Amino acid sequence: MWASLTQAVLATGPMLEDKYGSRALVFMSAVTVVITGLLSVTVLNVGLLGASGIVFCFIMLSADAGARQGTIPVTTIAVACLFIGREVYQGLWEDQVSQFAHIMGGVCGALFGYFDGPQFLMNGSHTATAGVWRRK
């Protein structure tokens, strides 16, 4: 489990950092942690351990990486069905994993991707050219 989470961060992190910048990626991670934590405590009354919500945020955010702002690519829908659908299915059985944190992390990532990240934190050095993000 830990190896797959680490692999997901290592696979998606550099691409997302290149697109959004370090400050924006840290901000999105922090927002995901706060939202996931607050909702878990208030709705489910449980504590959380780990960064799997951030991993799911990164997975959904990377599915939106090449899309134009305000569009929803088919890959995002497929990733949501596969990853988030699996968590909903697994959430039907009681175990020691918070599928709710995974789902909320994925929702945060999808929303950040849809709105193209926090524009006020992006350093402005990223532009889209023919679907490929390059530095100015």
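The structure we're discussing is the one just above.
Residues numbered from 1 in each chain as written. Predicted model: local features only at pLDDT ≥ 70, side-chain atom pairs only at ≥ 80, totals over all residues. Heavy atoms only, no water.

For the protein, the helix and strand inventory stands at five helices and two strands. For the protein, the sequential pattern of α-helices and β-strands runs α-α-α-α-α-β-β. Sequence-distant contacts in the protein: of pairs separated by 6 or more residues, those separated by 24 or more amount to 69%. Of the roughly 8100 Å² of accessible surface on the protein, 67% is carried by carbon and sulfur atoms. (Helix = DSSP H or I, 4+ residues; strand = E, 2+ residues; numbered from the N terminus. Contact = heavy atoms within 4.5 Å. Areas by Shrake-Rupley, 256 points an atom, 1.4 Å probe, with all protein chains shown as cover.)

This part covers the packing of aromatic side chains. Where two aromatic rings form a pair, the distance of their centres and the angle of their planes describe that pair. Under the criterion given, the structure shown has two aromatic pairs. Relative to F83, the ring of F56 lies with its centre 6.2 Å away and its plane at 80°, an arrangement referred to as edge-to-face. Taken together, the residues span a long stretch of sequence, with F56 in helix α3 (residues 52-63) and F83 in helix α4 (residues 74-90) at a distance of 27 residues. Taking the relative accessible area as the measure of exposure, F83 reaches 30% and is therefore partly exposed. Seen from their ring centres, Y114 and F115 are 4.9 Å apart, and the 85° between their planes marks the pair as edge-to-face. The exposure class assigned to Y114 is partly exposed, which follows from its relative accessible area of 28%. Looking at F115, the relative accessible area reads 49%, which means it is partly exposed. (Phe/Tyr/Trp six-rings, centres within 6.5 Å; stacked < 30°, edge-to-face > 60°. Buried < 20%, exposed > 50% of the residue type's maximum accessible area, 1.4 Å probe, protein only.)

What follows is about the packing of helix α2 (residues 22-44) against α3. The geometry of α2 relative to α3 is characterised by a closest axis approach of 9 Å and an angle of 125° between their N-to-C directions. Classed by the angle they form, the pair α2 and α3 counts as oblique. By crossing handedness, the relation of α2 to α3 is classed as right-handed. Contacts from L25, M28, S29, T32 and V33 in α2 reach G53, I54, C57, F58 and L61 in α3. (Axes fitted to C-alpha atoms, helices over the stretch in contact; angles between N-to-C directions. Parallel < 35°, antiparallel > 145°, perpendicular 65-115°, else oblique. Left-handed = near helix turned anticlockwise from the far one by under 90°.)

Right, let's talk about the nonpolar core for a bit. By size, the foremost hydrophobic cluster in this structure holds 11 residues: L16, Y20, A24, L25, M28, I54, C57, F58, L61, C108 and F112. Those elements giving two or more residues to this core turn out to be α1 (2-20), α2, α3 and α5 (99-114). Looking at which element gives the most residues to this core, the answer is α3, with four residues. In this structure, A8, V55, A63 and V79 belong to the second largest nonpolar core, which totals six residues. (Core = buried A, V, L, I, M, F, W, Y, C linked by side-chain atoms within 4.5 Å.)

The next thing to look at is α2. Look at α2: 32 Å from first C-alpha to last across 23 residues, which is about the 33 Å you get at 1.5 Å a residue. Within α2, burial applies to A24, L25, M28, S29, T32, T36 and S40. (Expected span 1.5 Å × (residues − 1).)

Any functional reading would require information beyond the geometric quantities listed.
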